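Residues per chain, in single letters:
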Amino acid sequence: MAEMGHRFSFIFTLTLLHFLHFCSAKLGVSTPPPLPILPLPSFSQLKWQQREVIMFLHFGPNTFTDSEWGTGRESPTVFNPTALDAAQWAATAAAANISLMILTAKHHDGFCLWPSKYTTHSVSRSPWKNGHGDVVKEFVDAAAPRGIDVGVYLSPWDRHDRRYSHELAYNEYYLAQLQELLNNYGNVREIWFDGAKGKNAPNMSYYFSDWFAMVKELQSSINIFSDAGPDIRWVGDENGFAGTPCWSTINRSSLAIGAEGITQYLNEGDPEGTHWVPPECDVSIRNGWFWHKSESPKSLKTLLEIYYNSVGRNCVLLFNVPPNSTGLIAQEDAHTLTQFKAAIHTIFSSNLAQNCSLRASSQRGGKESAFGPENVLDNDHLWTYWAPRGADAGGDHWIEIRSQQKQGLRFNVVRIQEAIGLGQRIKRHEIYLDGKRIVEESSVGYKRLHRIKSGVVCGEVVRVRITEARAVPLISSLGLHLDPFWDPTGLS
Ligand code: OTN
């Protein structure tokens with residue numbers, strides 16, 4: 001009896017909702033958006049997500065000693081870039097339309113790229129600018145005029161300082177340096193807590209709650225990165241490959257920085273996750289994180305593969321481009337970065353669906369509402385979206401792109417984006433071309449890119465079908481693209 005009652009009230013509620021939406025349309029007032037499904041991104045997380053590709057700069061003694069993990073016993077005299085020019089770093093980023101750069105202010109060797117008051121193991125004891133230089137200051141001063149935001153990496157692991165392994169003393173030291181970096185260098189938009197630590201590193205308890213509270217107190221719009229967030233999580237590998245599915249949500253409380261056995265959870269996220277902690281894919285342009293004379297940048301083909309598997313799977317790509325021992329980004333790296341971003345522009349700057357007609361299974365608020373399928377072709381990939389009728393996730397929701405050209409549609413990439421400002425919803429989706437299924441996949445998120453396995457396809461009608469969702473699906477953008485660099489045979 002109770003079941004019948006629930007069913008009746010559900011049907012009654014739905015009917016009432018449809019009636020109210022109908023009336024509101026007749027009265028000339030707009031139908032409101034659907035309820036959000038929690039958790040939601042913060043303002044800073046939404047800003048971060050839209051950056052898509054950001055830049056990492058690993059720079060320090062390792063640049064001069066040809067190593068990746070310094071011992072902490074390096075003399076500050078090794079640090080002597082002969083032509084350091086942070087303006088060239090910023091110009092390289094700007095040329096690639098990169099809006100955020102993150103610098104390793106202190107890596108595992110404990111050497112500080114700023115004249116910290118709390119240690120002599122810094123630029124203050126180096127021959128660079130006779131010990132009067134400050135790389136962090138030059139970095140932020142070079143970014144600002146180009147409108148580029150900055151972030152800092154402060155390694156929790158410190159192989160130099162004797163206070164490491166002495167819990168209170170080292171956390172006092174670390175928090176003091178956090179205050180120096182977050183008080184003295186303007187707005188910092190991301191701070192990076194690396195969980196890397198050698199197997200034989202001394203045991204050390206990090207006061208993460210104190211660190212996170214201090215960071216949030218000192219910087220109003222900062223995102224904190226660590227394996228477990230709290231704002232941005234590690235994707236679980238350094239190859240730039242997110243999982244499928246890849247959810248922006250996880251249960252943050254079940255994770256710890258540097259913990260073993262969590263990489264798959266980080267890679268895929270959790271559709272039932274309690275917190276919005278989206279994944280960041282950190283990948284270096286070369287084999288190593290620091291510049292090494294013997295290494296070269298990755299190929300464009302490899303970089304595009306990384307792009308599709310990171311940004312194309314709901315992540316931000318943190319792309320490391322390390323300055324060399326003169327203190328400049330090597331020309332071959334700068335060229336590779338520009339080529340990479342130019343290729344992305346070549347593929348995605350035109351949407352082959354732009355002049356097509358659109359149809360959908362239904363529309364929230366009726367044909368005159370603000371939730372029509374036409375929203376998937378505008379330039380707002382967050383706050384204008386197609387919304388089917390109803391409030392429940394169930395039902396056969398689809399949206400269709402129909403060619404208006406005689407020659408039909410010819411593409412090899414499909415781009416789908418959710419209106420993640422109202423929560424991430426889609427659990428499974430399919431894509432059909434003229435009634436034949438060409439894609440069957442899982443989550444979407446901010447952006448999902450599908451390269452069609454068979455290569456370039458041609459047809460009249462593309463239908464995107466949402467087959468499972470956490471709540472009524474909201475698609476903010478759809479694109480059909482032609483990637484001239486994509487060779488499905490893998491031969492080129
Ligand atoms: O040797 N490592 O420490 C290592 C090898 C492969 C991949 C990652 C790591 S360290 C790892 O780095 C991540 C960022 O790339 C996070 O900071 C993790 O906490 C850290 O364990």
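Residues numbered from 1 in each chain as written. Predicted model: local features only at pLDDT ≥ 70, side-chain atom pairs only at ≥ 80, totals over all residues. Heavy atoms only, no water.

By the naming in an unreviewed UniProt entry, the protein chain goes by alpha-L-fucosidase and is assigned to Cucurbita moschata. Under the UniProt heading Sequence similarities (unreviewed entry), the entry covering the protein chain gives this text: "Belongs to the glycosyl hydrolase 29 family." (UniProt positions renumbered as here; feature names shortened; annotations may be inferred.)

Quick look at the overall build of the protein chain now. Of the regular secondary structure elements, the protein chain holds 10 helices and 20 strands. Whereas a compact globule of 492 residues would reach a radius of gyration of roughly 23 Å, the protein chain reaches 25 Å, a difference of no more than 12%. Each principal axis of the C-alpha atoms in the protein chain carries an extent, and together these give about 75 × 55 × 40 Å. The 492 residues of the protein chain split such that 57% are buried. (Helix = DSSP H or I, 4+ residues; strand = E, 2+ residues; numbered from the N terminus. Rg over C-alpha atoms; globule rule 2.2 N^0.38 Å. Buried < 20%, exposed > 50% of the residue type's maximum accessible area, 1.4 Å probe, protein only.)

If you check which residues of helix H9 (residues 300-309) are buried, you get Leu303, Leu304, Ile306, Tyr307, Tyr308 and Asn309. Against the buried residues of H9 lie strand E1 (53-57), strand E9 (279-284), strand E10 (316-320), helix H10 (331-348), strand E14 (413-418) and strand E17 (448-451). (Contact = heavy atoms within 4.5 Å.)

Looking now at the domain arrangement of the protein chain. A common way to state how big an interface is: give the accessible area lost once the parts meet. In terms of domain boundaries, the protein chain breaks down into domain 1 (43-348) and domain 2 (351-481). Distance from the C-alpha centre of domain 1 to the C-alpha centre of domain 2: 35 Å. Taken together, the contact pairs 22 residues of domain 1 with 21 residues of domain 2. Each partner contributes to the roughly 1900 Å² buried at the junction of domain 1 and domain 2, and carbon and sulfur atoms together form 59% of this total. (Domains from an automatic or database assignment. Buried area = accessible area lost by both parts, 1.4 Å probe.)

Here the UniProt-annotated "domain: Glycoside hydrolase family 29 N-terminal" (unreviewed entry) positions come out as residues 77-339. Structurally, residues 77-339 comprises 27% helix and 14% strand, and the distance from its first C-alpha atom to its last is 36 Å.

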